[in-house]
Amino acid sequence: MATIDYSNRDYDSIRADLLSRATEIVPEWTARNSSDFGVLFVDLWSYFADVLHYYIDRAAGEAFITTATQRESLLALASLLD
């Protein structure tokens, strides 16, 4: 079984990873057209993961003074430093 590449963080690479993983786990699922219900779920999970990675990256960026863009984040970081 192939390992999951957690560095893939965009919709297309997540979708490709999910489809390749599905091929290994459920080899009898061969319908890959857009009207297939399984492909719908793969697309939805890929979209969800892409949006989730966006918010994780934004939260991580606000956690450091050099990359913070929001005034509230800078004030919170400054209050930590007293």
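Residues numbered from 1 in each chain as written. Predicted model: local features only at pLDDT ≥ 70, side-chain atom pairs only at ≥ 80, totals over all residues. Heavy atoms only, no water.

Caption draft 1: Representation of the nonpolar core in the model. The biggest cluster of nonpolar side chains holds 5 residues, and these are Leu 19, Ala 22, Trp 29, Val 39 and Val 42. Not counting the four nearest positions on each side in its chain, Val 39 is found in contact with Arg 15, Trp 29, Ala 31, Arg 32, Asn 33 and Ser 34. (Core = buried A, V, L, I, M, F, W, Y, C linked by side-chain atoms within 4.5 Å. Buried < 20%, exposed > 50% of the residue type's maximum accessible area, 1.4 Å probe, protein only. Contact = heavy atoms within 4.5 Å.)

Caption draft 2: Region of interest: the packing of helix H1 (residues 11-25) against helix H2 (residues 37-61). Put simply, H1 and H2 touch, their axes get as near as 9 Å, and they point 135° apart. As summarised for this structure, H1 and H2 are arranged oblique, according to the angle between their axes. Handedness of the crossing formed by H1 with H2: right-handed. Touching Tyr 11, Ile 14, Arg 15, Leu 18 and Leu 19 of H1 are Val 39, Val 42, Asp 43, Trp 45, Ser 46, Tyr 47, Ala 49, Asp 50 and His 53, all from H2. Each residue belonging to the contact of H1 with H2 can be placed in one class, and the counts come to 9 nonpolar, 2 polar and 3 charged. (Axes fitted to C-alpha atoms, helices over the stretch in contact; angles between N-to-C directions. Helix = DSSP H or I, 4+ residues; strand = E, 2+ residues; numbered from the N terminus. Parallel < 35°, antiparallel > 145°, perpendicular 65-115°, else oblique. Left-handed = near helix turned anticlockwise from the far one by under 90°. Nonpolar A, V, L, I, M, F, W, Y, C, P; charged D, E, K, R; others polar.)

Caption draft 3: Examining a nonpolar patch on the surface more closely. Judged by side-chain polarity, Leu 18, Phe 37, Leu 40, Phe 41, Leu 44, Trp 45, Phe 48, Leu 52 and Ile 56 come together as a nonpolar surface patch covering roughly 890 Å² of accessible area. The dominant element in the nonpolar patch, judged by the number of residues it contributes, is H2, at 8 residues. Tracing the backbone shows Trp 45 in helix H2. (Patch = residues over 30% accessible without salt bridge, like charges linked within 9 Å, V, L, I, M, F, W, Y side chains within 5 Å. Areas by Shrake-Rupley, 256 points an atom, 1.4 Å probe, with all protein chains shown as cover. Salt bridge = Lys/Arg side-chain N within 4 Å of Asp/Glu carboxyl O.)

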